[in-house]
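Next come the chains, spelled out residue by residue.
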Amino acid sequence: MKKTEMFQQLLASKDTFILPGAFDAMTARIIEETGFKAIYATGAGISNAQLGWADVGLTTLTEIAQVVSWMSEVTTVPIVVDADTGFGNAINMQRTVKVLEKAGAAALQIEDQVMPKKCGHFNGKEVISKDEMVGKIKAALDARTDDQLAIIARTDALGVLGFDEAIERANAYKEAGAHAIFVEAPTTYEQLSRITKEVPGIPHIINLVEGGKTPLVSRQEAQNLGFQIMLCANSALRGAIKGATDAMQILMRDESQENIHDVICTWEQRQELFKLKEIQQLEKQYS
């Protein structure tokens, strides 16, 4: 089964699923091997990990596509790609869809921020007009070579123009043909409950950012609220940051690796994750 079909089946399921974010091929493989059903190629995480900069729209389409292609090569579950604004207007959006589809995306998330965008939980965002975003959604749908490729429409209007405008836009994006709706950065349980009720008949994403604007809920609570996807975009990234920082602080303090073992994986875990045994078997097969 194609990954695009696998993701459409997840959207059609009645069970809410957790969508963890990966920022490289390593974290994508970890997410799949942990047992999650899909992977989110996080734009923020790629900007943080690959560029070393905050999520303020600095990544390019080709940089995102390269990372997604590496993720796709080592995983078998669907990858949802954070395509930001589509990197321009409706025509840019069409090229973005074609490039990321070739890279291995099973779904693309696009948003209505002004380019360059900001993290959805940052202040100071701006949004394009509703009509322009509707045009970009239609352009994205038309650009697909695989009609199972899902287009997820995100609106950042809540923090800019208010809750009612965000709901109006979400319904417009649904009517434009989006396969799922993502209202970014609601701040209360009441807003979470209203989003799914006032934009009915389509899967919804809840984006849970540790320390962000949206209240953290469990998977079951997200399901009870009517959300199909529980996005945890940067939990792996932040775990990696803490783990690497802890390891380096111990090394700096002790000038020895004697006390570092509790904060790093074992030699065996590392080689198992990166398939050394399988590579060695191939070397024997072809030698």
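Keep in mind it's a predicted model, so treat the numbers as computed, not measured.

A. A look at the environment of Arg169. You can see Arg169 is positioned in helix H8 (residues 163-175). Counting along the chain gives 39 residues from Arg169 to Lys130, while the straight-line C-alpha distance between them is 6.2 Å. If we skip the residues at most four places from it in the chain, Arg169 touches Asp112, Val127, Ile128, Ser129, Lys130, Thr155, Ala157 and Leu161.

B. Summary view of the packing of helix H5 (residues 90-103) against helix H6 (residues 130-143). Packing of H5 against H6 brings their axes to within 8 Å, and their N-to-C directions diverge by 40°. Relative to H6, H5 is oriented so that their crossing is right-handed. The segment H5 lies against H6, with Ala90, Met93, Gln94, Val97, Lys98 and Glu101 engaging Gly135, Lys136, Ala139, Ala140, Asp142 and Ala143. Residue classes in the contact of H5 with H6 are distributed as 6 nonpolar, 2 polar and 4 charged.

C. Empty space enclosed by the protein, seen in detail. Under the definition given, this model contains 1 cavity of 30 Å³ or more. As for the largest cavity, its lining consists of Gly57, Thr59, Asp84, Thr85, Phe87, Met115, Pro116 and Lys117.

D. Broad picture of the sheet that holds strand S3 (residues 79-82). With parallel pairing, 8 strands are arranged side by side in an open sheet as S6-S5-S4-S3-S2-S1-S8-S7. Edge positions in the sheet fall to strand S6 (180-183) and strand S7 (205-207), since each of these pairs with one other strand and no more. Averaged over all pairs of adjacent strands, the angle between strand axes in this sheet comes to 25°, irrespective of strand direction. Looking at chain direction, strand S5 (residues 150-155) and S6 are connected through 4 bridges and run parallel. Bridge pairing links Ala153 to Ile181 in S6. Relative to the sheet, H6 contacts strand S4 (107-111) and S5, its axis offset from that of S4 by approximately 165°.

Definitions and cut-offs
- Residues numbered from 1 in each chain as written.
- Predicted model: local features only at pLDDT ≥ 70, side-chain atom pairs only at ≥ 80, totals over all residues.
- Heavy atoms only, no water.
- Helix = DSSP H or I, 4+ residues; strand = E, 2+ residues; numbered from the N terminus.
- Contact = heavy atoms within 4.5 Å.
- Axes fitted to C-alpha atoms, helices over the stretch in contact; angles between N-to-C directions.
- Left-handed = near helix turned anticlockwise from the far one by under 90°.
- Nonpolar A, V, L, I, M, F, W, Y, C, P; charged D, E, K, R; others polar.
- 1 Å grid on protein atoms, 1.4 Å probe; cavity = no way out; pocket = protein on both sides within 12 Å on 5 of 7 lines; lining within 4 Å.
- Points joined across faces, edges and corners; volume = space filled by probe spheres on them.
- Pairing = 2+ DSSP bridges.

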